[in-house]
Structures are given as structure tokens and as C-alpha cells.
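In case you want the letters, here they are:
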Amino acid sequence: MVDSQYYLPNDIGVSALDCGEAFRLLSPQEKMYAHYLSRAAWYGGLAVLLQTSPESANIFVLLQRIFRKQTPAQLEQVATAAGLSPEEYQAFLVYAAGLYANMGNYKSFGDTKFIPNLPKDKLKALVKASQAFQDQPAEMEALWDSCSCLLFSLEDRQKQLGLGDKGITTYFSGNCCLEDAELAQKFLDSKKLSAYNTRLFKREKEGKACYEVRLASAVQKDCAVEGECDSCCGSFNFEDKEFTVKRGDYAPLMEKVSHYLQKAQAYAANENQRKMLEEYARSFTFGSVDAHKEGSRYWIKDKGPIVESYIGFIESYRDPFGSRGEFEGFIAVVNKAMSDRFTKLVNSAEVLLPELPWPKEFEKDTFLKPDFTSLDVLTFAGSGIPAGINIPNYDDIRQSEGFKNVSLGNVLSVAYATQKEKLTFLQEEDKDLFIKWKGPSFEVQVGLHELLGHGSGKLFVQDDEGKFNFDQSKVTNPETGEPVTSWYRGSETWDSKFSTIASSYEECRAECVGLYLCLIKKVLSIFGTEGQDAEDVVYINWLSMVRAGLLGLEFYTPESKSWRQAHMQARFVILRVLLEAGEGLVGLEEVTGPDGKPDARITLDRSKIHTVGKDAIHRFLCKLQVLKATADVEGGRALYDGYSTVSDSGPHNFIRLRETVLLRKEARKMFVQANTKINGDSVELVEYEGSAAGLICSFTERFQDDAEQLEANLLDLCKRDSPCWC
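Here is what the cut-offs are and how they apply
- Residues numbered from 1 in each chain as written.
- Predicted model: local features only at pLDDT ≥ 70, side-chain atom pairs only at ≥ 80, totals over all residues.
- Heavy atoms only, no water.
- Helix = DSSP H or I, 4+ residues; strand = E, 2+ residues; numbered from the N terminus.
- Expected span 1.5 Å × (residues − 1).
- Contact = heavy atoms within 4.5 Å.
- 1 Å grid on protein atoms, 1.4 Å probe; cavity = no way out; pocket = protein on both sides within 12 Å on 5 of 7 lines; lining within 4 Å.
- Points joined across faces, edges and corners; volume = space filled by probe spheres on them.
- Nonpolar A, V, L, I, M, F, W, Y, C, P; charged D, E, K, R; others polar.
- Pairing = 2+ DSSP bridges.
- Axes fitted to C-alpha atoms, helices over the stretch in contact; angles between N-to-C directions.
- UniProt positions renumbered as here; feature names shortened; annotations may be inferred.
- Buried < 20%, exposed > 50% of the residue type's maximum accessible area, 1.4 Å probe, protein only.
- Phe/Tyr/Trp six-rings, centres within 6.5 Å; stacked < 30°, edge-to-face > 60°.
- Lys NZ or Arg CZ within 6 Å of the ring centre and 35° of its normal.

**Observations regarding helix α27 (residues 707–721)**
Between its first and last C-alpha, α27 extends 22 Å over 15 residues, near the 21 Å set by a 1.5 Å rise per residue. Where the residues of α27 are buried, they touch α2 (28–45), α3 (47–52), α4 (56–69), β2 (198–205), β3 (208–216) and α11 (251–265).

**Some points on empty space enclosed by the protein**
If you walk through the whole model with that rule in mind, you get six cavities of 30 Å³ or more. Approximately 80 Å³ is the volume found for the largest cavity. The wall of the largest cavity is formed by Tyr 196, Asn 197, Ala 216, Ser 283, Phe 284, Gly 287, Ser 288, Val 289, His 292, Gly 312, Phe 313 and Tyr 394. Of all the secondary structure elements, the ones that give two or more residues to the lining of the largest cavity are α12 (271–286), α13 (289–301) and β6 (307–315). In terms of residue class, the lining of the largest cavity is made up of six nonpolar, six polar and no charged.

**Brief notes about the side chain of Asn 58**
In this fold, Asn 58 is placed in helix α4. Ignoring any residue separated from it by four or fewer positions in sequence, one finds Asn 58 in contact with Leu 143, Ser 146, Cys 147, Leu 715 and Cys 718.

**Brief notes about the sheet that holds β3**
The strand order across the open sheet formed by four strands is β2-β3-β5-β4, and the pairing between neighbours is mixed. Looking along the sheet, the strands with just one partner apiece sit at the ends: β2 and β4 (234–238). In this sheet, neighbouring strand axes are inclined to one another by 25° on average, regardless of whether the strands run parallel or antiparallel.

**What about the UniProt feature "active site" (unreviewed entry) in the chain?**
Here, the residues flagged by UniProt with the feature "active site" (unreviewed entry) are Glu 450. Using a relative accessible area of 7% as the deciding quantity, one classes Glu 450 as buried. Those residues in contact with Glu 450 that sit more than four places away from it in its chain are Phe 372, Gly 388, Ile 389, Asn 390, Asn 405 and Gly 455.

**What to know about the pairing of β2**
In terms of strand pairing, β2 meets β3 through eight bridges, oriented antiparallel. By the bridge assignment for β3, Phe 201 is matched with Glu 212. Where β2 hands over to β3, the hairpin turn is made up of two residues, of which Glu 206 adopts a positive phi near 50°.

**A look at the UniProt feature "binding site: Zn(2+)" (unreviewed entry) in the chain**
Taking the UniProt record as the reference, the feature "binding site: Zn(2+)" (unreviewed entry) is found at His 449, His 454 and Glu 507. In three dimensions, the annotated residues from a span of 59 residues occupy one location, with a maximal C-alpha spread of 8.3 Å. Position of His 454 among the secondary structure elements: in the loop between α18 (428–453) and β11 (461–462). Here His 454 falls in the buried class, since its relative accessible area comes to 9%. Sequence-distant contacts of His 454, defined by excluding residues within four places in its chain, comprise Asn 390, Arg 398, His 449, Glu 506, Glu 507, Arg 509 and Ala 510. Assignment of secondary structure puts Glu 507 in helix α19 (residues 494–517). With residues up to four places along the chain from it excluded, the contact list for Glu 507 reads Tyr 317, His 449, His 454, Ala 566, His 567 and Ala 570.

**Side note on the packing of aromatic side chains**
Counted according to the given criterion, the structure contains 39 aromatic pairs. Plain terms: the ring middles of Tyr 505 and Tyr 640 are 5.4 Å apart, the flat faces sit at 45° to each other, and that makes the pair tilted. With Tyr 505 in helix α19 and Tyr 640 in helix α24 (residues 633–644), the pair connects residues that are 135 residues apart, well separated along the chain. Judged on exposure class, the residue Tyr 505 and its partner Tyr 640 are both buried. Joined through ring pairs, the aromatic side chains of Tyr 36, Trp 42, Tyr 43, Phe 60, Tyr 100, Tyr 260, Tyr 267, Phe 699 and Phe 703 make up one cluster. The ring of Phe 201 carries the charged tip of Arg 214 above its face, separated from the ring centre by 4.0 Å. Positioned over the ring face of Tyr 539 is Arg 606, at 4.5 Å from the centre of the ring.

If you want it as C-alpha cells, here you go:
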């Protein structure tokens, strides 16, 4: 028997993301704009296959070829004739849907591999009996052979994403380790190049290590081409190693992205949108992060658009080193009623920021009021769909020019709908209250986390000219009472400095801000709750966080002592902080469940949240911000790694509790998204049912215009790099 964490259960939740009403309300011009942006996002999103694992793109092409010839309903009869039981065929559909939803064969949330929950010989029989195989036996046989071993393999290193012997990554060639990643980061810093759109390939040349830094771009020439002043490409000697910067990663996909962004320009609502798209297209054409930053500046200026979008190499959670961005693109429509609440929160920011537990010198000089909107997602291409986003991730823009926050309303309403019988680890008396207030409390937490969490806090910087953005002679460290002695220099950034812990540490800081500020009555009234209801929202928000900390253990790998998911590590850290606060604030005990199997029970004393709880978060949050602001990597690592430690000693045996969490875990839902297509002068929305079959159909129809060429491109890209993973 395969450990259940490595396959997706047949009864996994699959829900359609409803955006029909929002789309219908758009004008014809807005629909065209949304359509072309969606096309750009979907094609770019395919790069995630190549960013995830060596085999993901081949598996994707195998599935596309099978389902383009036969729908899931048609293939069912073939499966029965090939000897598959109904359960085995459903397991195959769930696997295919999972590969599409995660854009690869590793879970986007948790980074563990998943394999088909049916015997390999049964899947092989189905592939061979398919119409696609009958039509092209040699090609399909070769495709099956190229990925069938890795499709089912669960060797230790292949069980999760990671660098070197800790797991699989395609951000680095297979012979890279942490030292290579650190050296490459130093090289990139020295050239003032961002790692966001790069991958690193190492090879030996005459007994000496040589590195290739490859930029994602449509253009494959390394010299300066029309439209750019000079090229950052070339060969360089750095610390006695040879580094070559080249272009052309994911070239055919980046070409498609640029093409559709240019098409969308004709339907832009204003000059900011036009300029933004122009810069994005330039970024994906030439592989320029600077152009993407420029596009992001126009994007920030485009306040309150009806159709909102963002696209690029954005989040660095899945790079084991924490610097390279995974491709994502979203297009969404504003939900006006919910956006009004967020606008009120933005307008209260100046009153709320001083409530945070650090001295005013550690806060940004001026709060740059961001756009904060609630959106219904039309398209979200990438490896997974979050509930809220705070972007851009470029520190220099966020600190001095601003950012935007979005909460994804139709994702929230589907993702956090919970059935009582599936609510684990809570007392019976908490369950009804949890179900009633989970949605509203999460809305408050997302708002505070994105706006005042990620949006708060200053970084102390000394620029290349030696100028400081703080007064060295006056600013003291509140933790030590001594003057500040460390800061960021030149092109150093939060991500480059704190590297492997940066993502999770920052998520933890933002989650703590949410817990801390939700205690303020004014915040709760903005979200429409007063009196006892408001107290219940606070209680469920804190209880959710504590429960999430326990659930987070699913995303810890004891063998490598590593965390696989930034947010869940952050929530476990918060659970540890609140348990350490003592005085009966949080209770966590191991019990035996009604089924006779190990279980756990969490309790939270609501009468102590405003006292013991608030004090604990106050102290911890202040430490997090001070260490971050002062670029104190050593202190930050010691604090964060300490609370992230999962051990079997001390008052709670977290290693044993992890087994209980795995025993009782529920798989994350998958989302089915609509397609848009042009019909004459208008754009149609094509919706699908919320099932594994619906998700599969949405993907086969998504790329039907140029399916064969696209699949050939993906196989070529895959083949080109295949020697690099050995």
C-alpha cells in the first residue's frame, strides 16, 4: 500500500469557480480585454510544468493527447474493456485533474509528489487502448516510456520538491547544491540582476564548475536586439568561476504570452493599462525584470480597474532557495460590495498602523495607500489559487511607490466551506460556531494580513551612494536598547538576504498582524460585525490559526527536517508561540477518537485572548519586525528556526501528533475554471461542471487552437534539458 499522502483520494472536493454573473456585467471591450489577458496567462502558466519536475510536461502532453481524442465519458467504456474497475478509472480521472490543477505532479500546497492511485499495468492498459494510442502508436509509446517510471516513482528524493539530495527541483540542474545557489545569488547581486525569472544550470568544463543563468524570454539571441539598449547576457568571471547569462528559457511560451498581451492592448481602458501591457510584453520578450518592474509601476497607478490582472514570475515559495519566481497570471472582475469594506480598511490604515507593536521609526515614513479590492477570479493560471494576494513583490517599489491588495471572493466562498463531520481536532461545542464564522473571520484575517501585514514595516537601507533611509544616530533597537548596527546595503533585498526562510518568515509576520489587529473593535465594525458577533469572529479567527498550526504538521518532512509550505510553517510557529505563552490560553492534548484511532483536541480560552494572547503576539511580532528591518539574518534564523523545530521532546510530541494529522487529513479542493472564446464580435464564457471530468475538459478545450504545435514545443523544451536532471 502506498502512503495516502502520495495520492489524491477519489472523493476529493472539486468545485467550479463561479464568475458567470461578474463576466456578464462586463462591457464588450472589457470582455475582449479579459479574454486576451486570459490567453496570455494560460499559455504562460504552462511554464510551471517545466518549473516543477522533469516529467511534468511529458505527463501533461500524454493526458492532453488522450483526452483530445476522447472525453472522460467516452474513455470510460475503453477503461472498462481494458479491465479497470470504476474506482480505478475514477482514480485516473482524479490524477489527471490533479496534474492540471497543480500544473505538475507535485502538490502546489505542500510540494509533495502525487501518483495515480491505481496499478501501473492498469494505467498502461488504458493508455494503450485509447484512441490516441491507436492513431499514433509509435509516438504514444515513446511518450509513455518517457514518463511512466517517474510518474509512479516514490524514491525518497522524489517524494518532495527540494534542492540537492533533499528533493526534486527544476529551478537548478540536478548537480546543484545550496552552496551553488548562494554563489549564484552573490553573482546576480553583483550584476544587479534579479533571480525572479531565472534558472541555474551547472556543468563541469575542464574540471572547473561553470554556471549558466538562463532568463525566461521569447528572444533567444543573447546580444542586444531591437527595442533594448544593451543586453545583460554574456560570460563573466566571478570568484574564479565562469558564469554565462543566456536568454530563451520557455521561449515558445513567452512568445505566446507577449503576443496575447499585445492583442489585449487594443482593448485597454486607459493609458496606464496600455503602458503596463507594453512593459510586460517587453519583459517576456527580452527576459527583463526591470521592464516587469516598470509595468508593475503602471499597474499600481491603475487604481480600481473593472478588470484586474497581474502576470509574471511572481512568488518564490517553490524555489528551494527562495529567490526564483513561479509563473502565474490572473484576471478577475471587481466585486463592488466587498471592495467597499476593504476601501474602508485602507482609509483606516493610518489609525491602525500606530497600534502595531514596534516603534514608529520601524514603520514606513509614509503609508502608501494601496488599491484593495475584492475580486471574482475569471482566470488564475499557475500551480494553485490563493485567497488573497499582496503585490508586487519588489521591495524597492513596495517601500517607496506602493502596492495593491486583492482578496479573491469566489475562491474564499468555495475553498472554506466546511462540513461539520470533516472538522478535525476541535471540541464538539466549537464546531457550529466555527462553521458559522469561519468565512467572515477569514475575510477579516485576509484583509489585515495582506494590507497591514505585508504592507507594513520599514527596511533599513544604505544605498549605493552611502545614503541611509533612517537616522543612525537616533534609532535604537527596542529589543536591546542599543543603536541599530545592521541594515541592507546596495542591491541586497529581503529575499536575497533571508533566502530560505524569507517567504515563511514574512507570512508569519503578516499572520501575526492579522491576529493582533483583529482585536480592535473598529476593524470588526468595518467588516460589519459588532458586539457578541464581533467577539465570536475574534475567537474563531484565533481558533482557526491554532488549528491551522496543528494541521501544518502535514507539511513537515521529518527525514530532511524541512518544511514544504511557507504559510503552514508560519502557522505552526504561531501555535508554538501561543502554547509557550502558557496560563491555559491554548490546550493541545492527544486523545483516542470515537473510531479507536489516535486523535487530538485543541482548546482556546477565549477569556484570555485579549490579555495573555495579545501580549504573546505583541512580543513576538515586535521581534520579527526588528530583525527583518535591521537585516539581522543570524538573529532572524535563530528565532524562526527555533519555533519551527518539530520534535518528540518537551510538553508536546509533535512528531507523534504529525502522524495523527496525516491519519485524519482532508485533501485540498481543486477548482474548475471557465474558458473564454471569441464568437464573431463577442466573447463567450464557457463553463464546466465541478468534477474531475469537468476540470479535464476545461484544459483540453483551453488549448485546442494550436494543440499539436504547443505539445511539440513542450516536448522539445523538456527534451532539451533532460540531461540536466541526472
